[in-house]
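Inside the fold
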Amino acid sequence: MNRKFRLSCALDIDDVLMECVAYAVRLANEKYKFEPPLSIYEVTGWGPLGTRADVIREYFNDPEFYRNQPVFEGAKEFVAKLSEMTEVFVSTAIPPEFMGIRAKRIMEEFPQIPPDHIYMGSRKDKINVDILFDDALHNILRSNARYPILRRQPWNQDATGILAVNTYEQFLELVEAIADSYSIRKNTQLFQEPSIVVLVGPSGSGKSKIATEVLTKTNDFEKLVSYTTNDPTAVEENQWYNYVSLENFREMCESGEMFQSTMYAGHGYGSKKSDVEAILKKGKHVLTTMDICGAMTLRTHFTNVITIYIQRQKPALLASILRKNSSIEDKVNRIMGIESEKKNAEICDFVVEFDTYPEAVEQICKILQIQ
């Protein structure tokens, strides 16, 4: 990257660069001969769970476990490439008696990371970097990093409204998009060719309602309909979704039809690249609503993507979430994501703050040059 500055990035070790839970699960299955075998998907949270999965915790007090932790496939290449893009640090929580083992492993496996860039301790909120990459949701939510990014794992699948990736490739693409966000976009460059406009914002911000109203103001835009496995009666503004079975959804993901997908509260959500291309071929602009991860993924597939962050006062967000036809757990997850979602405004090209929906529609129409 040819830039005048370098972003700083702190990486977690366990379940980001080295196998931890999966390795402990394999060891437990070998030792206890579980039937059916213990699965990583049974580890649904941090700390004791009161289930048979708690047996893996015994390995976290064994020095041999840390000496022999496998490095994830592709992790070394990932760190090498990331080191060319950013200044890389390590921020890892580990019992004090095993810190020496952990430091030695890091220096052996990842020589691109300077020894004085290795920080050990559980207070990751004390690490001041631009980007944090971690699999623990509590570390992401408490982080002081400008862009905390979650590594998706079974124990954090319900997290919403935050930057999250499944693979190293997605993380590198997101880092590139974050770096690009520092560049000022000139309004005169907008819409010289068919563009993709994404409304981003926390749950309850009214993205879909606003987008639906904007579409009534012009024939130059067409909505991108996404896909979900959720019950259509449980999703507000359901005209923005096609409903498919979980089996079909997984097939589309595995075949590469989906350019972005995520699982939330047990339901799949995703969009197809071919649907975007079909709208652009008509000579029309695309209008869609996505979380920040979907918006950033769009930028890795298409060149003319414009992101608009929908900002609304917290009381209005809470009221909208509480009125949703969803479970208590779902509402709690959405509310927890409100504060962390605010950071996403910095990545977007425009921010629209409003008190009434007509006011928001008017601002967006002005941005999109809709008369």
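Residues numbered from 1 in each chain as written. Predicted model: local features only at pLDDT ≥ 70, side-chain atom pairs only at ≥ 80, totals over all residues. Heavy atoms only, no water.

1. Here we look at the overall build of the protein
Test applied: Secondary structure elements follow DSSP: runs of H or I of four or more residues count as helices, runs of E of two or more count as strands, with numbering from the N terminus. C-alpha atoms define the radius of gyration in this analysis, and the globule rule sets the expected value at 2.2 Å times the number of residues to the power 0.38. A 1.4 Å probe rolled over the protein chains alone gives each residue an accessible area, and that area as a share of the maximum for its type sets the label: buried under 20%, exposed over 50%, partly exposed in between. Only heavy atoms enter the contact rule, under which two residues are in contact if any of them lie within 4.5 Å. Throughout, the Shrake-Rupley method with a 1.4 Å probe supplies accessible areas, and for residues the shown protein chains are the sole cover considered. In this count, Lys and Arg are taken as positive residues and Asp and Glu as negative ones, while His and the chain termini are left out. Positions of charges follow a simple convention, taking NZ of Lys, CZ of Arg, CG of Asp or CD of Glu.
Scanning the protein for helices and strands turns up 13 helices and 15 strands. Expected size for 371 residues packed as a compact globule is a radius of gyration near 21 Å; at 22 Å, the protein falls within 12% of this value. Dimensions of the protein, computed from the C-alpha atoms along their principal axes, are close to 65 × 50 × 40 Å. Taking all 371 residues of the protein together, the buried fraction comes to 51%. In the protein, the proportion of contacts linking residues at least 24 apart, taken out of those at least 6 apart, comes to 69%. Carbon and sulfur atoms make up 49% of the accessible area of the protein, which amounts to about 17800 Å² in all. Put simply, the protein has 43 plus and 52 minus side-chain charges, and the middle of one group is 4 Å from the middle of the other.

2. Digging into the sheet that holds strand β15 (residues 350-353)
As a reminder, the rule being used: Strand pairing follows a simple DSSP-based rule, namely that at least 2 bridges must link the two strands. Axis lines are fitted through C-alpha atoms, for helices just across the contact stretch, and the angle between N-to-C directions can take any value from 0 to 180 degrees.
Taken in spatial order, the five strands of this open sheet run β8-β13-β7-β14-β15, and their pairing is parallel. Two strands close off the open sheet at either side, each with one partner strand: β8 (221-223) and β15. When the angles between neighbouring strand axes are averaged without regard to direction, this sheet yields 25 degrees. As judged from the four bridges shared by strand β7 (residues 196-200) and strand β13 (residues 285-289), these two strands associate in the parallel manner. Its bridge partner being in β13, valine 198 is matched across the sheet by threonine 288. Contacts from helix α7 (residues 207-215) reach β7, β8, β13 and β14 (305-311), with the element oriented near 155 degrees to β13. The strands touched by helix α10 (residues 292-301) within the sheet are β7, β13 and β14, with β14 carrying the most contacts at an inclination of about 165 degrees.

3. Structural notes on the environment of glutamate 19
Heads up, the condition is: What qualifies as a polar contact is a pair of N or O atoms within 3.5 Å, subject to a donor-acceptor requirement within protein and to the restriction that residues adjacent in sequence count only when both atoms come from side chains.
Structurally, glutamate 19 is set in the loop between β1 (7-11) and α1 (21-32). Along the primary structure glutamate 19 and isoleucine 113 are separated by 94 residues, whereas in three dimensions their C-alpha atoms are 19 Å apart. Residue contacts for glutamate 19: discarding those within four places in its chain leaves Arg26, Gln69, Pro70 and Phe72. At a separation of 2.7 Å, a polar atom in the side chain of glutamate 19 contacts the side chain of arginine 26.

4. As for unusual backbone geometry
Cis geometry marks the peptide bond from glutamate 35 to proline 36; its omega dihedral reads 0 degrees. On the secondary structure map, proline 36 appears in the loop between α1 and α2 (63-68). For aspartate 15, which is not glycine, the phi torsion reads 65 degrees and is therefore positive. Note that aspartate 15 resides in the loop between β1 and α1. Positive phi, close to 60 degrees, is recorded for glutamine 369, a residue that is not glycine. Judged by its relative accessible area of 43%, glutamine 369 falls in the partly exposed class.

5. Overview of the pattern of salt bridges
Quick reminder of the rule: We define a salt bridge as a side-chain nitrogen of Lys or Arg found within 4 Å of a carboxyl oxygen belonging to Asp or Glu.
As enumerated under the stated definition, the model contains 14 salt bridges in all. Note that arginine 26 is salt-bridged to glutamate 19, the shortest N-O span being 2.7 Å. The exposure class assigned to glutamate 19 is buried, which follows from its relative accessible area of 14%. Between lysine 76 and glutamate 109 there is a salt bridge, with the nearest N and O atoms lying 2.9 Å from each other. Placement of the pair is lysine 76 in helix α3 (residues 75-85) and glutamate 109 in helix α4 (residues 99-109), with a sequence separation of 33 residues. Several salt bridges share partner residues, and in doing so they unite Asp12, Lys124 and Asp134 into one network.

6. Re the pairing of strand β5 (residues 147-151)
Within β5, five of the five residues are buried, leaving the element largely enclosed by the surrounding structure. The side-chain alternation of β5 yields two buried faces, one formed by Tyr147, Ile149 and Arg151 and the other by Pro148 and Leu150. The pairing of β5 with strand β6 (residues 163-165) spans three bridges and is classified as parallel. Within β6, the residue paired with leucine 150 across the bridge is alanine 164.

7. As for the confidence of the model for the protein
Defined as follows: For every residue, the predictor reports its confidence as pLDDT, a number between 0 and 100.
Taken as a whole, the protein shows an average pLDDT of 86; of its residues, 92% reach a score of 70 or greater. Note on residues 184-188: pLDDT under 50 across the span, and eight contacts to partners over four residues away in sequence or across chains.

8. Re the side chain of glutamate 109
Take glutamate 109: its relative accessible area is 17%, and that puts it in the buried class. Excluding anything up to four places from it in sequence, glutamate 109 contacts Met18, Val71 and Lys76.

9. What to know about the sheet that holds strand β2 (residues 86-92)
Strand order in the open sheet made by the six strands is β3-β2-β1-β4-β5-β6, with parallel pairing throughout. Looking along the sheet, the strands with just one partner apiece sit at the ends: β3 (118-120) and β6. Adjacent strand axes in the sheet meet at a mean angle of 25 degrees, parallel and antiparallel pairs treated alike. Pairing geometry for β1 and β2, over five bridges, is parallel.

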